[in-house]
Amino acid sequence: MPAERLFDEKTLRKLEQLRLIAHKVRSGAVKGERRSIKKGTSIEFADYRDYTRGDDLRRLDWNVYARLEKPFIKLLEEEEDLTVHILLDTSESMNWPPNGLGGVGGAISTVDVHKFRYGMRLAAALAHIALTTGDRVSVSLLTGARMADRWGPVRGRGQTLSMLTWLEHLRTGGTTDLNAALADYAVRGGRAGLVLLIGDMLSPGGYRDGLNALQGRGHEVAVLHLLSPDEIEPVAAGDIRLIDSETGAGQDVTIDGAMRGLYARRLREWRSEMASYCLGRGAHYVAMETSTPWENVILYALRRAGVVR
Amino acid sequence: MSFLTPTFLALAALAVPIIILYMLRLRRREVPISSILLWQRLMQDREANAPWQKLRRNLLLLLQLLILAALVIALARPFIPIPSVAAGSVALLIDASASMNATDMPGGATRFEAAISQARALIGDLASDEVMTIITVGTSPNVISPPSGDQVVLREALRRAEPTQASADWEAALALAGASIAGRENASVVILSDGGLPDNLPALTVPIRYIQIGREASNLAISALATRPQEDEPQLFAAVTNYADQDADVILSLEIDGELLTAERVNVPAGKTANRTFTALPASTRVIRAWLSAPVEGGISDYLPVDDVAYAVYTPPASGRVLIVTEGNRFLQQVFSSFPALNAFRTAPGELPQEPFDLMVLDGWLPEKLPDTHLLIIAPPASTDLFAVGDAFTGVRFARQVDDPILAFVDFKSVAIREAALVRTGGWAKPLVEAVDGPLLLAGASNGRRIAILTFDLHASDLPLRIDFPILIANLLQWYSPTQPFDAADSLRPGQPVVIRAQAATSGYRITSPDGSEQTFSVGESPLSFSATTQLGIYRVELLSGSQVETEASFAVNLFSPDESRIAPVDAIVVGETEIGGKADRDEYGLRELWPWLAAAALAVLIIEWWVYHRGSTLPWRAEEKPGVASNQQ
């Protein structure tokens, strides 16, 4: 993966006006900028904490600064912070389409529809939003049956650059057993918070046990389901053998008009089944196609799903 | 069903390589994909209706084998024998005479159309190695298709065939037919006709079949229409003939120069002719059109329309009245009395009579006002407003004479003239003969009349004693009153040629046919023989002098043929000594080949196969999502 800028300044500024939402607020360890659902607490001053780079300067107590010449952030009683866990699937199936270019509606376009790059942009954007709003953020990679690597948890807007640098050098590989990996994260992931799972959900064992484990741990879960255009509408045709990019296993199919119809129906069923399962469990589910500009996904689709405000 | 080339059936062995290739084709191309997870589940679903899937997988193979079978069988040329009127080399003679225009066939079709559809059926029966020549028989036989086995060519030729309005020349047609199939094996002649062939046709060496066309005999015809002058008034004679087997009432209408003159009810007994004479027609009558129509209560069926209309042209007789005004020039009196068609009158100079004359000869005398008719002025004594007479000159020496029809066979060079007057015209007349001192003969047209001037007294020359004199007068008379430019009897038969003669100044002819089409000819050395008289009606002939119309006349072409008007179909015809019945038996056997159908079937299956390959065997409305454009990913 080339070390490239995941997004530009202009987009960053647009993202700064957003914030992540967790309906079932988890108790924060530190006072944050998030309104508590606890009733009866005053909105008065609660505490100071050290200024870290990226904190909102409006929150700086200028009087203390004038007296002590040290920056302190004024925390208010009813605000608390949120821990945002961003989980990124790094299985080989995310490294698709191989050339990064993909068909939109059957036609080849020049839009980058690579799933993993798309996932990274999404992760970076969401992490940036969370950092900007003063939340605690960690970005973790799911590889094989466990959480393989992790950035954070950190807070403060100054961390965006370091997060981007870390993201830009990630690689895909192997298969991911979502159930096992999510269960592993539930154990090792730390404080309960908002879990944003970014991946194609193409895991042979399914995902339900993993989601259950996360929710059992008290996390609020949002599944951001990525599929590339050629996965939604296959371009291959005729009598062919499909080779799995993760396992190398083959599957003989004859792709004709009827087969395309069946595939489309199967895919639709799969997505709606996932959506209804998540809905039933109180989790968010957002199906997205990598041909949709990722800014739009964040600005519109995630907003509509109630993940971002 | 049998095969013409059964060896080609061995090509069925090609099925083996097709099957082998099909098996090879099933080694699938490998296409990488992010995950086969969804496809695996999909294939598990589809295992449920596996038998149908297996069949569908082999559908392409089945279709390909079907195409092969159709092509192989087509190459083997299967055929079924079918009874046919004629086989081998056929010369098809289609009667295109006037009677074939009769509309007695089912649906109001003409006999000719029925003959054409019969001919189409015959073409359809042709086997692939058989050839047909198609000849339409009109005034002259017309080979509309040379010997050909190509049914498309033959049908196209039939499409161009037209019936004529004339009688048919069967002798020439049979000779042509015999020549076209001469030397071919298994040749025969098929005649599509309503009969009416002459009895004395020469025998042919090949078998002849006669297919009778036509069903009815009922027909009324104008069998004659003629005019003649009767006491300076045109008189018209018309004859209406009833060819039906029952008496008939019919309305005979007359139209003169485009205006309806009369419509008269005529009763014609069966098989008889009714004559009518019309007198006291307008003196200006030129073109007469007569036609038959059924009376309001309806008459008998009149199946042939072309003989229900007839035309006549009235040509008033040339009166040829000539007045000679002379003191007593015997030469003049003699020469004019020698033309029998002329009525020559003589009077002494003085008062001119009031009666009209076609030509006045003014010998040495002029009235105060020149009469308004053609003039021959000899030795004018005084000037008029048309010319000036100057001094006389003697010792006339011949200078030149121009080349003009007036001077044909006339030589002035040796004519001795004692004295002539110097006459000058305003340019309307052309000097035809000139002496050194002035013109001797001038001729030209002024104000619609033609005027010739001899500038010397006949007595002062030896011209009247010479043979040139009557020739000159004859040429002048021809110039003064041109007669009709052609010899047409009362009416011509269709196809009959008419000879058109040029006149003095004619440079070309324009002939307008009844349908309005014009043909222009330039004057050649010999008189024009115009034979494109195939249409019935009035032909207008114009003699052109440059772009001016010099003379104009008309002639009529009418059918007037009892043979054509008698439309009753004839059951048998006689060619040579043989009588041939009108119901041709289908006693020959032709081959109807089936390969075009098989080839078409192969093409159809090929299209289906292509469609199945690209779209799958699912019908479009079963596809739940519109599949994208299929493109093979390499």
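This structure is a prediction, so every number in the text was calculated from the model and none was measured.

Peer 1: Break down the overall build of chain B for me, with residues and values.
Peer 2: Across its full length, chain B holds eleven helices and 34 strands. Counting all 634 residues of chain B, 35% fall into the buried class. Residue pairs at least 24 apart in sequence account for 69% of intrachain contacts in chain B once pairs closer than 6 positions are excluded.

Peer 1: Tell me what's going on with the sheet that holds strand 12 (residues 238–244) of chain A, and back it up with residues and numbers.
Peer 2: With mixed pairing, the three strands of this open sheet are ordered in space as 13(A)-12(A)-2(B). If you trace the sheet from one side to the other, it starts and ends with strand 13 (250–255) of chain A together with strand 2 (29–33) of chain B, each paired once. Looking at each pair of strands side by side, their axes are set apart by 35° on average, direction ignored. Here strand 12 of chain A pairs with strand 13 of chain A via six bridges, running antiparallel. Residue pairing in the sheet places R241 of chain A in a bridge with D252 of chain A of strand 13 of chain A. Strands in contact with helix 2 (residues 37–46) of chain B are strand 12 and strand 13 of chain A; relative to strand 13 of chain A, the strand with the most contacts, it is inclined by about 65°.

Peer 1: For the packing of helix 5 (residues 111–125) of chain B against helix 6 (residues 151–160) of chain B, give the residues involved together with the corresponding values.
Peer 2: Residue and element names in this part refer to chain B. Taken N-terminus to C-terminus, the directions of helix 5 and helix 6 make an angle of 175°; their axes are 10 Å apart at the nearest point. Looking at the two axes, helix 5 sits roughly antiparallel to helix 6. Here I116, A119, R120 and I123 of helix 5 come into contact with helix 6, specifically with Q151, L154, R155 and L158.

Peer 1: Run through the packing of helix 1 (residues 9–16) of chain A against helix 3 (residues 115–132) of chain A, naming residues and quoting values.
Peer 2: Residues and elements named next belong to chain A. Packing of helix 1 against helix 3 brings their axes to within 9 Å, and their N-to-C directions diverge by 55°. Between helix 1 and helix 3, the angle falls in the class oblique. Classified by chirality, the crossing of helix 3 by helix 1 is right-handed. Residue-level inspection shows L12, L15 and E16 of helix 1 in contact with helix 3, the latter providing A125, H128, I129 and T132. Of the residues assigned to the contact of helix 1 with helix 3, the class counts are four nonpolar, two polar and one charged.

Rules behind the numbers
- Residues numbered from 1 in each chain as written.
- Chains lettered and ligands numbered in written order.
- Predicted model: local features only at pLDDT ≥ 70, side-chain atom pairs only at ≥ 80, totals over all residues.
- Helix = DSSP H or I, 4+ residues; strand = E, 2+ residues; numbered from the N terminus.
- Buried ≥ 20, exposed ≤ 12 C-beta atoms within 10 Å, placed from the backbone.
- Contact = placed C-beta atoms within 7 Å.
- Pairing = 2+ DSSP bridges.
- Axes fitted to C-alpha atoms, helices over the stretch in contact; angles between N-to-C directions.
- Parallel < 35°, antiparallel > 145°, perpendicular 65-115°, else oblique.
- Left-handed = near helix turned anticlockwise from the far one by under 90°.
- Nonpolar A, V, L, I, M, F, W, Y, C, P; charged D, E, K, R; others polar.

The analysis is restricted to geometry; functional conclusions fall outside its scope.
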